[in-house]
Amino acid sequence: MDPSLQRDIQHRLTHDLGGVVKGKFVRRIACPDCDAREAYAYADGPWMVFCGRLNNCGSRIHVKDLFPDLFDSWTERFAQPEAEKPDPTAVARAYLTMGRGFDLDALKRGKHYAFSQEYFQHPKLGIGSTTVRFTLPGGAWWERLIDKPYRFGSQKANFQGDYKGDAWQLNDDATFVAAGEVWIVEGIFDAIALAHHNVPAIAAMSCTNFPSQALGRIRQAAIDADQPRPTLVWALDSNRAGRDWTLKHVSQAQAQGWNSAAAQPPDGRDWNDLHQRNELDETDVERYRYYGALLLAESPTRKAVLMYQRRERREFWFIYRSQVWWCKLDPNALNKALKAVTGDDNADERQVLPEEREQALHQAASVTRICTAHPTALYYQANEVTDESWYYWRVEQPGGAQIRNTFSGGQLASASEFKKRLLGVSAGAVWTGSSDQLDTLLQDQLGQIKTVQTIDFVGYSREHRTYVLGDVAVSKGRLYRINKEDYFELGRTRLKSLAQPFELHINPELDQFRRDWVRRLVGAFGANGVVALAYWTGALMAEQIRAEFKSFPFLEIIGEAGSGKTTIIEFLWKLCGAIDREGFDPTKSTAAARARNFAAVANLPVVLIESDREQDGGNRQKQFDWDELKPIFNGRSVRARGVKNSGNETYEPPFRGALVISQNAEVQASEAVMSRITQLRFTRATQTPETRELALALEREPVEDVSGFILQVATAEARLLRLMIDRARSYENYLLDDPGIRNQRIATTHAQLLALCQCLGPEGLRLISKEDLAAASEQVIEMARQRQIATNADHPMVQEFWEAFDYLESFHESSTLNHMGDWGTNKGRIAINLKDFEAQVAHHRLTLPPTRELKPFLKGSRSRKFIESNRAVHSRIRDGATVKCWIFEAPGGPRHG
């Protein structure tokens, strides 16, 4: 093992898993499967981690599965300086020996190696990787990308030329003839792995490729040597495609006169994996041949007999052609069959000839179908908050269709409940077995079932440092796709989201992400479009930003009807893979519904729309209370609810997203809420035929072309956060130096927005030009100044109140509303009885909100500062009678008495 790699692995075993180096071993490692600190590894070659709890766990885990990042940067670790006359295959050799576990001597063809080291440059992504290349007999070649291949999306290799009908082989044809058999595998690394264990193999390069040309050369070699043809052992992968194509290829080979057999690796592994895990000795290979024989069994009874001969269980279930069967072998029936086959009344099962015993087993075995489909328990998942749990199952139909769904514990408790649930989730899947047979199946499938961690929202999981976005996830800058069992394998962590508040259609192919929409966005909306995009970018990192600044601003998008608010919001959602989505109306939602909407996403926006409506006739609809949203500025919960149990537990999900408010009129709320908002104002005045055409082009953008934006942000998360955090602090000081900005919170929120604009520029995602970035920055600074002005002003309802007050006072020479007057210590005070005020408003037929709605806002009056409510005053208007009044300071000197 390379010393630097050995050192890094040992460090991770001790630092991450708590191991201790003692002599020849690294001991007390926390087992990744059972968490017990009883796992160990060899110190001088820590390729495998072994759990010492052989009865309860016994895991054997390759370090590549534990620390995949150590095996991603081969060129960085092993490239040699030019001054040292570098070996042109140094990186490839390191990859094959340490990344694949191969002995390079086994890869020699005469004096030369069967591989070369090359370089691949992606034509669209602008990134490249060192490769290990192998040439096929017909001149085609295949190369594996070895430097952080996840950067290339689904592409892990590069193929040039036509390989149909051919195969790659390490050995010459005479070797296969002499060995008497040829193993046919899918990949080159699988063929090399088997060669290390004296198993001759060729690589068909794909499970669908029948290597007729390669087999023709082997057949000719057998004729030349005057030897029989070797047996073909079809050893394709054990997934559904591999199994189906094995059956097709065996049939085709037999039609061409080849004797065929099969071998199958365990589920989820390939032959190279088994080689690296030291699971390819003679006993192991014999077991894999047995798996292949089961696959080729021509009838359920034949398969049952094979299984009985290996395990000798009197009753057991098994799968044949995607259906569940039950075999029962009665000893008395077997004895009768033995006597009938041998003609000997004293025949003993252990002493008869193998072929006689097999014939008797076929006669004695009772094989019945107990399910018309193949249900497989995949894993256990639970929601710790609600104390609910489920088993996730895959139900496979004989025709090939697969359904995946959950079964609760109650639905597995009896055959009748299991039958109902099975019929409900998979059309035509009928369970006809007994409860005892179901119990046996469950014991076998659930005994050591894996557990998958869950989150109850969509977006960024702070605990796992992972974005979970529908069918894709991003963890530590690396893109993952959901596996065939509907969860993400993030190293040794298994994770899935239980919530699907809306569907995301994210294109994971990074090279298909287009950037020309940026020009249309800026052309249609100008600086507003850049600032909105910057905020949306920040929303995709809201959890991390709040962790640093303890807050994240709200964004308000206002403007008259037709000014483009809906267009830009729907397009920004499209950048995240959401189609035809804008937001929800809080005035139409209950408190519980709003709380669920706020808790359903993380590092994604929550958009509130149309909360400023009024009913016909000028009667105001009950308005949404914006003060309800103050806690989410700091990521706190908007609502707590009790957990359904006998304890005192409550559930208060934190707010993990970002808040966007879109409506025609601006938010009117307390200073605390107003200072949390950054506001973008849209108008029709700047619209032209050109801007309208650009806006329509944004509406027509295919989601598959632009949805990669969210992946661009997620994969560059660490770099963007560093840039944003570094800039935000200095911008905050800059804004506080502006004479028009005095509020600390306003400076903080707009400084964050300024820093997020920089994340779009040359130092960040490189989407926005320096000129457009400068215009957007000026826009944000002006937004901060205007927010300060808006914060200083009275609430519009308070402004209406004082306008009505001044209007009513103008009808009289002396005050009819100020009960305090201007004398002595009362000089410069206004005392208003709200009932008197309400009566005069009604008398003069003025339209004002009811005083019950005014009271909360009057306490925030700034133009005439609020002092006290419901104070007893000796009224000058009522000749000294005591009246309960609201007290304010009069502006600009005393009022008339």
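Predicted model only: the values in this text are computed from it and were never measured.

1. Details of the overall build of the chain
The helix and strand inventory of the chain stands at 30 helices and 38 strands. Here the C-alpha atoms of the chain give a radius of gyration of 37 Å, more than 25% beyond the 29 Å that 2.2 N^0.38 yields for 897 residues. In terms of overall dimensions, the chain has a C-alpha envelope of 130 × 75 × 60 Å along the principal axes. For the chain, the proportion of contacts with a sequence separation of at least 24, taken over those separated by at least 6, is 63%. Looking at the chain as shown, the accessible area adds up to about 41500 Å², and 45% of this sits on carbon and sulfur atoms. The chain carries 113 positive and 115 negative side-chain charges, and their two centres are separated by 3 Å.

2. Observations regarding the side chain of Asp-836
For Asp-836, the location among the structural elements is in helix α29 (residues 834-843). Those residues in contact with Asp-836 that sit more than four places away from it in its chain are Leu-817, His-819 and Arg-878.

3. Details of the sheet that holds strand β12 (residues 168-169)
Taken together, the five strands give an open sheet; going across it, the order is β12-β14-β13-β15-β16, and neighbouring strands pair in mixed fashion. The open sheet has two free edges, formed respectively by β12 and β16 (260-262), since each of these has just one partner strand. Sheet topology places β12 next to strand β14 (residues 201-203); two bridges connect them, and they run antiparallel. Bridge assignment links Gln-169 to a residue of β14, and that residue is Ile-202. Against the sheet, helix α6 (residues 188-195) engages β12, β13 (181-185) and β14, with an angle of about 170° to β14.

4. What about the packing of helix α12 (residues 331-342) against helix α13 (residues 354-364)?
Where α12 meets α13, the closest approach of the two axes is 8 Å, and the angle between their N-to-C directions is 130°. On the basis of the axis angle, α12 is oblique to α13. The chirality of how α12 crosses α13 is right-handed. Along its contact with α12, which presents Ala-333, Leu-334, Ala-337, Leu-338, Val-341 and Thr-342, the element α13 presents Glu-356, Arg-357, Gln-359, Ala-360, Leu-361, Gln-363 and Ala-364. Its residues placed into classes, the contact of α12 with α13 shows eight nonpolar, three polar and two charged.

5. Regarding helix α18 (residues 542-549)
With six of eight residues buried, α18 is to be regarded as a mostly interior element. Taken together, the buried positions of α18 are occupied by Ala-542, Glu-543, Gln-544, Ile-545, Arg-546 and Phe-549. Phi turns positive one or two residues past the end of α18, at Lys-550, with a value near 65°.

6. Details of the packing of helix α17 (residues 527-539) against helix α27 (residues 770-792)
The N-to-C vectors of α17 and α27 enclose an angle of 80°; their axes lie 9 Å apart at closest approach. Considered as vectors, α17 and α27 are oriented roughly perpendicular to each other. Between α17, through Ala-527, Asn-528, Val-530 and Val-531, and α27, the contact on the second element is made entirely by Ala-775, Ala-776, Gln-779, Val-780 and Met-783.

7. Let's talk about the pattern of salt bridges
For the structure shown, the criterion picks out 40 salt bridges. For the salt bridge of Arg-729 with Glu-548, the shortest nitrogen-to-oxygen distance reads 3.5 Å. Within this pair, whereas Arg-729 is found in helix α25 (residues 717-736), its partner Glu-548 is found in helix α18, the two being separated by 181 residues in sequence. With a relative accessible area of 36%, Glu-548 lands in the partly exposed category. The residue Glu-763 makes a salt bridge to Arg-727 at a minimum N-O spacing of 2.5 Å. A residue pair is termed long-range when its members are at least 10 positions apart, and Glu-763 in the loop between α26 (744-758) and α27 and Arg-727 in helix α25 qualify at 36 residues. Among the ionic contacts, a cluster of salt bridges with common partners joins Arg-514, Asp-516, Arg-520, Glu-701 and Asp-705.

8. A few points about the sheet that holds strand β19 (residues 365-371)
With antiparallel pairing, the three strands of this open sheet are ordered in space as β17-β18-β19. Every other strand in the sheet has two partners, leaving β17 (315-320) and β19 as the edge strands with one partner each. Ignoring strand direction, the axes of neighbouring strands in this sheet form an average angle of 30°. Sheet topology places β17 next to strand β18 (residues 323-329); six bridges connect them, and they run antiparallel. If you follow Phe-316 over to β18, its bridge partner there is Cys-327. In the packing of helix α15 (residues 435-446) onto the sheet, the strands contacted are β17, β18 and β19, and the crossing angle to β17 comes to about 70°.

9. So, unusual backbone geometry
Look at Asn-278: it is not a glycine, yet its phi comes out positive at around 60°. On the accessibility criterion, Asn-278 (57% relative accessible area) is exposed. The residue Lys-550 is not glycine, and still its phi comes out positive at about 65°. Mapped onto the fold, Lys-550 is located in the loop between α18 and β30 (554-559). Lys-550 sits in the exposed class, given a relative accessible area of 55%.

10. Focus: a positive patch on the surface
Residues Lys-22, Arg-27, Arg-28 and Arg-37 make up a contiguous surface patch of positive charge. You can see Arg-37 is positioned in the loop between β2 (25-29) and β3 (39-42). Since its relative accessible area comes to 37%, Arg-37 is described here as partly exposed.

11. Description of the packing of aromatic side chains
Inspection of the entire model under this criterion finds 47 aromatic pairs. Three or more aromatic residues joined by ring pairs form one cluster here, namely Trp-47, Phe-71, Trp-74, Phe-78, Tyr-95, Phe-102, Tyr-113, Phe-115, Phe-134, Trp-142, Trp-168 and Phe-189. Between Arg-229 and the ring centre of Trp-258, over which it is positioned, the NZ or CZ distance is 4.8 Å. In this structure, Lys-496 packs its charged tip against the face of Tyr-392, placed 3.9 Å from the ring centre.

12. Some points on the confidence of the model for the chain
One rule of thumb: low pLDDT means the predicted coordinates there are not for detailed reading. The predicted model of the chain averages 88 in pLDDT, with 95% of residues at 70 or higher. Predicted confidence is poor over residues 614-621, with pLDDT under 50, and the contacts of this stretch with residues over four places away or in other chains come to six contacts.

13. What to know about the environment of Arg-766
Here Arg-766 lies in the loop between α26 and α27. The class of Arg-766 is exposed, set by a relative accessible area of 56%. Sequence separation of Arg-766 and Arg-515 is 251 residues, and the distance between their C-alpha atoms is 9.7 Å. Apart from the residues within four sequence positions on either side, Arg-766 is in contact with Arg-515, Leu-760 and Gly-761.

14. Digging into the nonpolar core
If you look at the biggest cluster of nonpolar residues, it comprises 105 residues, and the most contacted ones within it are Trp-517, Trp-626, Leu-629, Phe-709 and Leu-711. In terms of nonpolar packing, the next biggest core, distinct from the first, is built from 60 residues, Ile-9, Met-98, Val-132 and Val-199 among them.

15. Regarding the side chain of Gln-840
Within the secondary structure, Gln-840 sits in helix α29. According to the relative accessible area criterion, Gln-840 is buried, its value standing at 16%. Here the side chain of Gln-840 touches Thr-816 through a polar contact of 3.3 Å, landing on its backbone oxygen. With residues near it in sequence (within four places) discarded, Gln-840 still touches Leu-808, Thr-816 and Leu-817.

16. A few points about the environment of Met-674
Note on placement: Met-674 falls in helix α21 (residues 671-674). The class for Met-674 is buried, based on a relative accessible area of 4%. In sequence terms Met-674 and Arg-787 are 113 residues apart; their C-alpha atoms lie 7.7 Å from each other. When residues no more than four places from it in sequence are discounted, the contact partners of Met-674 are Val-667, Ala-669, Arg-787, Ala-790 and Thr-791.

Reading the values: the criteria
- Residues numbered from 1 in each chain as written.
- Predicted model: local features only at pLDDT ≥ 70, side-chain atom pairs only at ≥ 80, totals over all residues.
- Heavy atoms only, no water.
- Helix = DSSP H or I, 4+ residues; strand = E, 2+ residues; numbered from the N terminus.
- Rg over C-alpha atoms; globule rule 2.2 N^0.38 Å.
- Contact = heavy atoms within 4.5 Å.
- Areas by Shrake-Rupley, 256 points an atom, 1.4 Å probe, with all protein chains shown as cover.
- Lys, Arg positive; Asp, Glu negative; His and termini not counted.
- Charge placed at Lys NZ, Arg CZ, Asp CG, Glu CD.
- Pairing = 2+ DSSP bridges.
- Axes fitted to C-alpha atoms, helices over the stretch in contact; angles between N-to-C directions.
- Parallel < 35°, antiparallel > 145°, perpendicular 65-115°, else oblique.
- Left-handed = near helix turned anticlockwise from the far one by under 90°.
- Nonpolar A, V, L, I, M, F, W, Y, C, P; charged D, E, K, R; others polar.
- Buried < 20%, exposed > 50% of the residue type's maximum accessible area, 1.4 Å probe, protein only.
- Salt bridge = Lys/Arg side-chain N within 4 Å of Asp/Glu carboxyl O.
- Patch = residues over 30% accessible without salt bridge, like charges linked within 9 Å, V, L, I, M, F, W, Y side chains within 5 Å.
- Phe/Tyr/Trp six-rings, centres within 6.5 Å; stacked < 30°, edge-to-face > 60°.
- Lys NZ or Arg CZ within 6 Å of the ring centre and 35° of its normal.
- pLDDT = per-residue confidence, 0-100.
- Core = buried A, V, L, I, M, F, W, Y, C linked by side-chain atoms within 4.5 Å.
- Polar contact = N/O pair within 3.5 Å; in protein donor to acceptor, adjacent residues only side chain to side chain.

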